[in-house]
Amino acid sequence: MIAGTEAAPSRVLASFRGLIGCCPNCGRGRLLRNFLKPVDQCSACGEAYGHLRADDAPPWMTILIVGHIVIPALLAVEQSYEPPTWVHLTIWPLLTLVLTLILLPRCKGLVLGLLWSTGAPGSERG
Ligand SMILES: [Zn+2]
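Residues numbered from 1 in each chain as written. Predicted model: local features only at pLDDT ≥ 70, side-chain atom pairs only at ≥ 80, totals over all residues. Heavy atoms only, no water.

Going by the annotation in an unreviewed UniProt entry, the name recorded for the protein is Zinc-finger protein, with Azospirillum thiophilum given as the source organism.

## Quick notes on the overall build of the protein
Within the protein, the secondary structure is distributed over three helices and two strands. Taken from N to C terminus, the helices and strands of the protein fall in the order α-β-β-α-α. Over its C-alpha atoms the protein spans a radius of gyration of 18 Å, topping by over 25% the 14 Å that the globule rule assigns to 126 residues. Taking the principal axes of the C-alpha coordinates as reference, the protein spans close to 65 × 30 × 20 Å. (Helix = DSSP H or I, 4+ residues; strand = E, 2+ residues; numbered from the N terminus. Rg over C-alpha atoms; globule rule 2.2 N^0.38 Å.)

## Considering the coordination of the zinc ion
All of the protein donors around the zinc ion are Cys-23 (SG), Cys-26 (SG), Cys-42 (SG) and Cys-45 (SG); their distances to the metal are 2.2 to 2.3 Å. In this structure, the zinc ion is surrounded by four donor atoms whose angles at the metal cover 107 to 114 degrees, and the resulting shape is tetrahedral. Counting gaps between the donor residues of the zinc ion yields the pattern C-x2-C-x15-C-x2-C. Classification of Cys-23 as buried rests on a relative accessible area of 0%. What makes Cys-26 buried here is its relative accessible area of 12%. (Donors = N, O, S within 2.8 Å, 3.2 Å for Na, K, Ca; no water. Tetrahedral: all angles 85-135°; square planar, octahedral: opposite > 155°, others 65-115°. Buried < 20%, exposed > 50% of the residue type's maximum accessible area, 1.4 Å probe, protein only.)

So this is what it looks like as structure tokens:
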């Protein structure tokens, strides 16, 4: 937050802005570039994000969510329709890939927004 410009957004609002890929501070600039790389600074408000490290949280969140979507769907389809194996080998890896590509940047934005809102340094080097 740049001192004296606006009140800091709430933790929920900052996390939501990160979730949709926007700057947690102002909501106007982009948070990520090149799919998963945080921008060094927001183009709209100048807030720095290049130092924040989300580490393994976004992949773990993505695995948790995708797993809870794909596995029950796979089991339901198998019990209801009993499709041949080639159908399973076509549908489920493709669905997993698509969901992962959709959710991973959103999870990373959410974690970065949450980190930023807590004031965490985001780096072990201080
Ligand atoms: Zn901004």
